[in-house]
Amino acid sequence: KLLLFTVILLFLSFSILPRKEFRYFVPYFPIFYILSSVGAFNLFKNKKSFSLILIVSLILLLPNIFNLLNLKEDTSLVLAANFLKDKVSENDFIIAENYPVLNYITKAYVLPFPGSFEYFQKVVKDFKPKFVVIDREITLPEYAKNLEENYKKVKEFNYVKILEID
């Protein structure tokens, strides 16, 4: 009961976090493994419930397995970084999500999106970035989705848009 309570408490506490990342669960894997093995041991005892859970799990997982098999790698961000490589120098700034690939390929500084549009304008004024890279990352602020109204779109790779700041 203590293990079950701990797992429920972990999931509840992590559900509050604004940015859910898998890496936060890694230290708790031993608890999950112990609880899983206890559950599996109890499940194997009862053949009827094991068969029912196996069938339901297969029905629920089958569409996801099919989607994973058809998953294609998206290189949009790498293409955007290669496009920007010749347009920025090592001392220039780009505003984007914290993608190491942008920094690695362009050698420019990558600034994260500020929390509000007012702070975004202040960052633009203070650091004078040349470009903004917008994608569909879940942490992208709401105002960033409408930046095309204020800045000129230079290039688009699939879902990644590059805007130039004058």
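Everything discussed here concerns the structure shown above.
Residues numbered from 1 in each chain as written. Predicted model: local features only at pLDDT ≥ 70, side-chain atom pairs only at ≥ 80, totals over all residues. Heavy atoms only, no water.

1. Comments concerning the side chain of glutamate 97
Argument step 1. Secondary-structure assignment places glutamate 97 in the loop between β1 (93-95) and α5 (100-106).
Argument step 2. Not counting chain neighbours up to four residues away, the residues in contact with glutamate 97 comprise Val110, Phe113, Asp135, Glu137, Thr139, Leu140 and Pro141. (Helix = DSSP H or I, 4+ residues; strand = E, 2+ residues; numbered from the N terminus. Contact = heavy atoms within 4.5 Å.)

2. Here we look at helix α4 (residues 76-85)
Argument step 1. Among all positions of α4, only Ser76, Leu77, Ala80, Ala81, Phe83 and Leu84 are buried. For α4, the angular spread of buried residues about the axis comes to 160°, placing them on one side.
Argument step 2. Tucked inside the fold, the buried residues of α4 contact β1, α5, β3 (131-134), β4 (152-157) and β5 (160-164). (Buried < 20%, exposed > 50% of the residue type's maximum accessible area, 1.4 Å probe, protein only. Arc of directions from axis to C-beta.)

3. Concerning unusual backbone geometry
Argument step 1. The backbone of lysine 128 shows a phi angle near 50°, a positive value even though the residue is not glycine.
Argument step 2. Assignment of secondary structure puts lysine 128 in the loop between α6 (117-127) and β3.
Argument step 3. Looking at lysine 128, the relative accessible area reads 60%, which means it is exposed.
Argument step 4. Here asparagine 158, not a glycine, exhibits a phi torsion of approximately 55°, which is positive.
Argument step 5. Mapped onto the secondary structure, asparagine 158 falls in the loop between β4 and β5.
Argument step 6. Classification of asparagine 158 by relative accessible area gives exposed; the value is 57%.

4. Some details on the packing of aromatic side chains
Argument step 1. Scanning the model with the defined rule gives 17 aromatic pairs in all.
Argument step 2. Feature note: the residues Phe11, Phe14, Tyr24, Phe25, Tyr28, Phe29, Phe32 and Tyr33 constitute an aromatic cluster, connected by ring pairs.
Argument step 3. Positioned above the aromatic ring of phenylalanine 83 is the side chain of lysine 87, whose terminal nitrogen or guanidinium carbon lies 4.4 Å from the ring centre. (Phe/Tyr/Trp six-rings, centres within 6.5 Å; stacked < 30°, edge-to-face > 60°. Lys NZ or Arg CZ within 6 Å of the ring centre and 35° of its normal.)

5. Digging into the packing of helix α1 (residues 2-16) against helix α2 (residues 29-45)
Argument step 1. Packing of α1 against α2 leaves a shortest axis separation of 10 Å and a crossing angle of 130°. Here α1 lies oblique to α2, going by the angle between them. Of the two elements, α1 crosses α2, and the hand of that crossing is left-handed. Packed against α1, whose contacting residues are Leu3, Leu4, Thr6, Val7, Leu10 and Phe11, the element α2 presents Ile31, Phe32, Ile34 and Leu35 at the interface.
Argument step 2. Taken together, the residues of the contact of α1 with α2 sort by class into nine nonpolar, one polar and no charged. (Axes fitted to C-alpha atoms, helices over the stretch in contact; angles between N-to-C directions. Parallel < 35°, antiparallel > 145°, perpendicular 65-115°, else oblique. Left-handed = near helix turned anticlockwise from the far one by under 90°. Nonpolar A, V, L, I, M, F, W, Y, C, P; charged D, E, K, R; others polar.)

6. Here we look at the nonpolar core
Inside soluble globular proteins, nonpolar side chains tend to come together where they are buried.
Argument step 1. Counting 18 residues, the largest nonpolar core has Leu77, Leu84, Ile94, Ala96, Leu102, Val133 and Ile162 as its most contacted members.
Argument step 2. At the level of elements, α4, α5, β3 and β5 are the ones that each hand at least two residues to this core.
Argument step 3. Counting residues per element, this core draws most heavily on α4, which supplies five residues.
Argument step 4. What leucine 77 contacts, discounting residues up to four positions off in sequence, is Tyr99, Val101, Leu102, Val133 and Val160.
Argument step 5. Listed in part, the 16 residues of the second largest apolar core include Phe93, Leu147, Leu163 and Ile165. (Core = buried A, V, L, I, M, F, W, Y, C linked by side-chain atoms within 4.5 Å.)

7. Section: the sheet that holds β5
Argument step 1. An order of β2-β1-β3-β5-β4 is seen for the five strands of this open sheet, with the pairing classed as mixed. The sheet terminates laterally at β2 (109-111) and β4, the two strands that pair on one side only. With strand direction ignored, the average angle separating the axes of adjacent strands in the sheet is 25°.
Argument step 2. Strand contacts of α6: β1, β2 and β3, with the helix running at about 170° to β1, the strand carrying the most contacts. (Pairing = 2+ DSSP bridges.)

8. Re the pairing of β4
Argument step 1. Pairing analysis gives five bridges linking β4 to β5, with the strands arranged antiparallel. What sits directly across from phenylalanine 157, in β5, is valine 160.
Argument step 2. Linking two consecutive strands that pair antiparallel, namely β4 and β5, is a turn of two residues; a positive phi of about 55° is found at asparagine 158 within it.

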